There are 2 protein chains.
Amino acid sequence: MNKEFLSIKKLIETKGYKFTIQKRIILEELFSADIHLTAKEIYSKVKNKNIGLATIYRTMNLFTSIGIVKEIHADGMSYYELKMYSKKPLHIHFKCIKCNRIIDVDNTGVEIKYLKLNREIEESKKLQIHDANIMLIGLCDKCK
Amino acid sequence: MNKEFLSIKKLIETKGYKFTIQKRIILEELFSADIHLTAKEIYSKVKNKNIGLATIYRTMNLFTSIGIVKEIHADGMSYYELKMYSKKPLHIHFKCIKCNRIIDVDNTGVEIKYLKLNREIEESKKLQIHDANIMLIGLCDKCK
DNA sequence: TTTAATGCAAAGTGTTTGCACTATA
DNA sequence: TATAGTGCAAACACTTTGCATTAAA
């Protein structure tokens, strides 16, 4: 178990939850996936280990509530991705209206500018922004 | 019927759909609401006119597909709002994690900057961006 | 008069929950 | 050993669909 993994384990325990085998397996899946997954997709990866769909949902809700995971909504469905120790703390999603793929937009420069804009809004609107979900919609390189 | 209303009527007809009483009533509701509504909320406003929930969904899907309405997802639910002739073509939503309200962030300056960033991404990633869903998450003025 | 659209109820899909049982701290 | 967590199935909530009927062009 590496450092990051251990510190997430510790966070779970600090919050008063038990670090079960199921949580470990799901967490491993999230680490190796590095992309947003639906509950069903996670389920299909771990169901051979006798983990039920309900456990996936319960775990993702727990992980989301303590900040381990980020939940994004698209097409009336939830996608989950690792938020903690992510290489891309804020990232922008792009959804193609033709092929329906959801891809990550990696562009460090742009992300920093987005974060700056959030700070502008925070100040002018007296909000406290913890997170941002940005979903761009249009046609991808292949479909346009 | 004002100009904007008429041109939406025309758009619907041009696309080969019929401008029914139900579509007119729902459209009127969207115009007067000026904020995102769920299908149920629209339904509760028009059910006394003998319009079924299924019609709301079918109409919203149609309106979304031809660009009259914008659909935003939050908490696994769909909200709909007028996109055409909206005073705020791109706007940013903010969701408070405490009171669960979803509010609009109106700040013209910031919105223009967001649009510029989209253009940057379009060029560097070879995408064609039609729309952007931006949902900021945190604590609102009252809850923080 | 053709064809899209409607209301209703049934079906579908993603998610949550109740419960008896299990496993962690 | 106390309590959080689990798998399963049933329940839920939002959305879509099949069908006979209606109404718009």
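Rules behind the numbers
- Residues numbered from 1 in each chain as written.
- Chains lettered and ligands numbered in written order.
- Predicted model: local features only at pLDDT ≥ 70, side-chain atom pairs only at ≥ 80, totals over all residues.
- Heavy atoms only, no water.
- UniProt positions renumbered as here; feature names shortened; annotations may be inferred.
- 1 Å grid on protein atoms, 1.4 Å probe; cavity = no way out; pocket = protein on both sides within 12 Å on 5 of 7 lines; lining within 4 Å.
- Points joined across faces, edges and corners; volume = space filled by probe spheres on them.
- Nonpolar A, V, L, I, M, F, W, Y, C, P; charged D, E, K, R; others polar.
- Domains from an automatic or database assignment.

As recorded by an unreviewed UniProt entry, chain A carries the name Transcriptional repressor and is attributed to Tepidibacter hydrothermalis. Turning to chain A, the UniProt record has this under Sequence similarities (unreviewed entry): "Belongs to the Fur family."

A. Focus on empty space enclosed by the protein. What the rule picks out here adds up to 2 cavities of 30 Å³ or more. For the largest cavity, the full set of lining residues is K70, E81, L82, K83, S86, K88, P89 and H91 of chain A. Here the residues of the lining of the largest cavity are counted per class, giving 2 nonpolar, 2 polar and 4 charged. Empty space within the second largest cavity amounts to approximately 30 Å³. If you go around the second largest cavity, the residues you meet are K70, E81, L82, K83, S86, K88, P89 and H91 of chain B. Residue classes in the lining of the second largest cavity are distributed as 2 nonpolar, 2 polar and 4 charged. Here the lining of the second largest cavity gathers at least three residues from each of two domains, domain 1 (1–86) and domain 2 (88–144) of chain B.

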